Amino acid sequence: MLKMLSNSFLVFAVVVNLVAVDALGQVEAPVASPPSIGTDEKKATPKRDAVVAPLKKIDQATFKFTLVDEDNQPIAGVVVTPHGMFNEESGIHSRWKPELHGKIAPATTNDNGVAELIVPKYLEEDVEADFVKCSIDHPEFITSTQNPRMLGETLLILGRSHSKKVLLRGATGKFTAHLVPNQQPVNNFQVMTSSRIIQNPRSFITLPTIRPFDLQWEKADGGTLTSKRFPPETTFLRAVHFAEKGSIYFSDVIEIDVELNTDFSENLLLRPATRLKGALDESVPRPIRNGVVFADVPPILPGETRPPSDSEMLNWHDSTEIAADGTFTFENLPPSLEVRLLAICDGYISANPAINGRPISQGTAEGWVRRPRSHVLDQETPVEIDMEQTGRCVVQVTDEQNNPIVAAKVASNLIFNWTAANLQIIPAFANVDSKNEINIGYKENSTIRRKQGWKWAERFGFAAKTDKQGIAILPNLPEGDLRIGIWHDDYILTETHLPIAADIAPGETTKLLRRMKIGSKKDQPNTSSDR
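Keep in mind that this is a model prediction, so the values were computed, not measured. (Residues numbered from 1 in each chain as written. Predicted model: local features only at pLDDT ≥ 70, side-chain atom pairs only at ≥ 80, totals over all residues. Heavy atoms only, no water.)

A. Seen up close, the overall build of the chain. Along the backbone of the chain there are 2 helices and 45 strands. Considering the chain as a whole, with its 531 residues, one finds that 52% of them fall into the buried category. A fraction of 76% describes how many contacts in the chain between residues 6 or more apart in sequence connect residues 24 or more apart. For the chain, the accessible area works out to roughly 24,400 Å², and carbon and sulfur atoms hold 48% of it. (Helix = DSSP H or I, 4+ residues; strand = E, 2+ residues; numbered from the N terminus. Buried < 20%, exposed > 50% of the residue type's maximum accessible area, 1.4 Å probe, protein only. Contact = heavy atoms within 4.5 Å. Areas by Shrake-Rupley, 256 points an atom, 1.4 Å probe, with all protein chains shown as cover.)

B. Structural view of the sheet that holds strand β25 (residues 274-280). Read across the sheet, 3 strands follow the order β28-β25-β33 without closing on themselves; strand pairing throughout is mixed. Where the open sheet ends on each side, the last strands, each with one partner, are β28 (327-333) and β33 (383-385). With direction set aside, neighbouring strand axes in the sheet form an average angle of 30°. The pairing of β25 with β33 spans 3 bridges and is classified as parallel. When the sheet's bridge partners are listed, Ala279 is paired in β33 with Glu384. (Pairing = 2+ DSSP bridges. Axes fitted to C-alpha atoms, helices over the stretch in contact; angles between N-to-C directions.)

C. Here's a closer look at the nonpolar core. Ranked by size, the top nonpolar core spans 33 residues in total, and within it Cys393, Ile484 and Ile486 carry the most contacts. In this structure Cys393 touches Ala472, Ile473, Leu474, Leu477, Ile484, Ala502, Ile504, Thr510 and Leu512, once residues within four positions along its chain are discounted. One finds Val297, Leu341, Ala343 and Met387 within the second-largest nonpolar core, a separate group that totals 27 residues. (Core = buried A, V, L, I, M, F, W, Y, C linked by side-chain atoms within 4.5 Å.)

D. A look at the sheet that holds strand β36 (residues 409-412). Pairing in this open sheet of 4 strands is antiparallel, and the strands run β40-β36-β42-β44 from one edge to the other. Only two strands of the sheet have a single neighbouring strand rather than two, namely β40 (463-465) and β44 (500-504). Here the strands of the sheet are splayed against their neighbours by 25° on average, with no regard to which way each runs. Summarising the sheet, β36 and strand β42 (residues 480-487) pair through 4 bridges and their orientation is antiparallel. When the bridges of β42 are listed, Ser412 appears paired with Ile484.

E. View of the packing of aromatic side chains. Under the definition given, this model contains 8 aromatic pairs. The interplanar angle of 85° and the centroid separation of 5.9 Å between the aromatic rings of Phe175 and Phe264 together place this pair among those described as edge-to-face. Here Phe175 is found in strand β15 (residues 171-179), whereas its partner Phe264 is found in strand β24 (residues 263-272), with 89 residues between them in sequence. A centroid spacing of 5.2 Å and a plane angle of 75° characterise the contact between Phe230 and Phe264, whose relative ring orientation is edge-to-face. Here Phe230 is found in strand β20 (residues 225-230), whereas its partner Phe264 is found in strand β24, with 34 residues between them in sequence. Exposure remark for Phe230: the relative accessible area of 0% places this residue in the buried category. Exposure remark for Phe264: the relative accessible area of 8% places this residue in the buried category. These aromatic residues form a ring-pair network of at least three members: Phe175, Trp217, Phe230 and Phe264. (Phe/Tyr/Trp six-rings, centres within 6.5 Å; stacked < 30°, edge-to-face > 60°.)

F. Local environment of the side chain of His178. Here His178 is to be found in strand β15. Looking at His178, its side chain comes within polar contact range of the side chain of Asn267, at 2.7 Å. Residue contacts for His178: discarding those within four places in its chain leaves Gln183, Gln184, Pro185, Val186, Asn267, Leu268, Leu269 and Leu270. (Polar contact = N/O pair within 3.5 Å; in protein donor to acceptor, adjacent residues only side chain to side chain.)

G. Geometry of the environment of Asp399. Mapped onto the secondary structure, Asp399 falls in the loop between β35 (391-398) and β36. Distance in space between the C-alpha atoms of Asp399 and Gly470 is 9.5 Å, their sequence separation being 71 residues. Excluding residues within four positions of it along the chain, Asp399 makes contact with Ile405, Arg515 and Met516. One polar contact links the side chain of Asp399 to the main-chain amide nitrogen of Asn403, over a distance of 2.8 Å.

H. Fine view of the environment of Ala351. For Ala351, the location among the structural elements is in the loop between β30 (348-350) and β31 (369-370). Placed 38 residues apart in sequence, Ala351 and Gln389 show a C-alpha to C-alpha distance of 9.1 Å. Those residues in contact with Ala351 that sit more than four places away from it in its chain are Arg370, Arg371, Arg373, Asp386, Met387 and Glu388.

I. Fine view of the pattern of salt bridges. A complete count under the given rule lists 10 salt bridges for this structure. Put simply, Glu388 and Arg370 hold a salt bridge, and the shortest N to O gap is 3.2 Å. Taken together, the positions of Glu388 in strand β34 (residues 387-389) and Arg370 in strand β31 put the pair 18 residues apart, joining distant regions of the chain. Glu388 gets classed as partly exposed once you look at its relative accessible area, which sits at 27%. The network of salt bridges with shared partners includes Glu140, Arg169 and Lys228. (Salt bridge = Lys/Arg side-chain N within 4 Å of Asp/Glu carboxyl O.)

J. Broad picture of unusual backbone geometry. Of note, the amide linkage connecting Val180 to Pro181 takes the cis form, showing an omega dihedral of 10°. Residue placement: Pro181 occurs in the loop between β15 and β16 (184-185). Geometrically, the link from Arg286 to Pro287 is a cis peptide bond, its omega value of 5° lying close to zero. As for its placement among the helices and strands, Pro287 is situated in the loop between β25 and β26 (292-297). Of note in this structure, Asn402 is not a glycine but carries a positive phi near 70°. Position of Asn402 relative to the elements: it lies in the loop between β35 and β36. Judged by relative accessible area, which is 48%, Asn402 ranks as partly exposed. Unlike most non-glycine residues, Ala407 shows phi in positive territory, near 65°. Position of Ala407 among the secondary structure elements: in the loop between β35 and β36. What makes Ala407 partly exposed here is its relative accessible area of 39%.

Structure follows, in structure tokens:
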């Protein structure tokens, strides 16, 4: 039932492209329920996103439903939150957009298991919402539909007719932790999963765009952690212990494969972290200024020499500052066979690795995607990071009368990307409480990603705001054909909303001029103003 994964690591979330989930079937009780979506080839319609233009009036519709267990007994206290809607005939889908659909209003089932969701009637003008996609929140129950990439996030589809849905009672897991080798019990450990953001509190972190599934841990006397919501699928987790004086201890990753409504327990053995030293190559002049190295430690699964492509969410991420002499140290990395590193400082950025044996070509889409290089994770062997010189881009923004526009946001499309699977990262400083727990909920995530991602980009020279002369300087862009986006709360671009092409050369300055006119986001719906 429980299989230990030696030398592999648990999930820390990376920023990923939002997972679109279609055709989500549910376990149905013998009453009226919505039809299966996308299973009838005759009715299959290519889906498209709803138009984002705000509706003049938000008409509302009521979706009434009943939630029961497998014995057809009502379940009280289930919080159901809508996250998207779709129309079956037209194939139009839409995630919840506050500017279009208003504020999200969750519903909670009563003692009879009954609740009503009040949602917008229309996806867009004259297109009604047939079904609503929801997540559920209950300390013991989950739905029959899980998404493995999100550790069993429970998804519920409700139709206009009164639906009765059967929820499943999850498995109950109890966990304890002990330090190796003296078997000293640990009372303040945390269990990491693909839905739980736990990271070195002193590092940059990455924030998921996905909605996390909450195992809703309960802590008992003696440090035991219990969850009653384990889904009937393979789940990966590990324990991490933030000890005094900054030390971190890790357990091996364990693979849990359980059946519903069963009990299991596991004692997780915590071992000291690995220390890694390194330096930037000699091409970077000393002293180094404003330098940071990002580390990504992938898991190694049993019988595998390399981690499988679908295990990126088991990785551990960390970051550390680069000293003036170009050296750096990671004090707390989980043991592994490899570590993947990205580095940046004023005037230089780490070189891209080769893909399929060939160097990444500059001036292409691959040129503005920065990927890490793999190094052996050996406590005794320092690593060296190959670096490349960056270039500058000076952007002047004016109105139609050539007057400078102040406080326009200017940013490049540079992406730090851990894998070829397009798992992107936006490093950001964490909000950590007194227990070294990072508390970032899904509702806060979108705003935090934008604000902290912008601060990070400003610090390292990928983004800036225009000054009194309407000039923004991006001083640290890698070589290649990049795209520069510009937006402002009170102005829109005059020629086109598309980003400007900028040919960046190492050590050189590229100058651009862009004009804007008075307008708002709704007048230019496809701009980058949502950053």
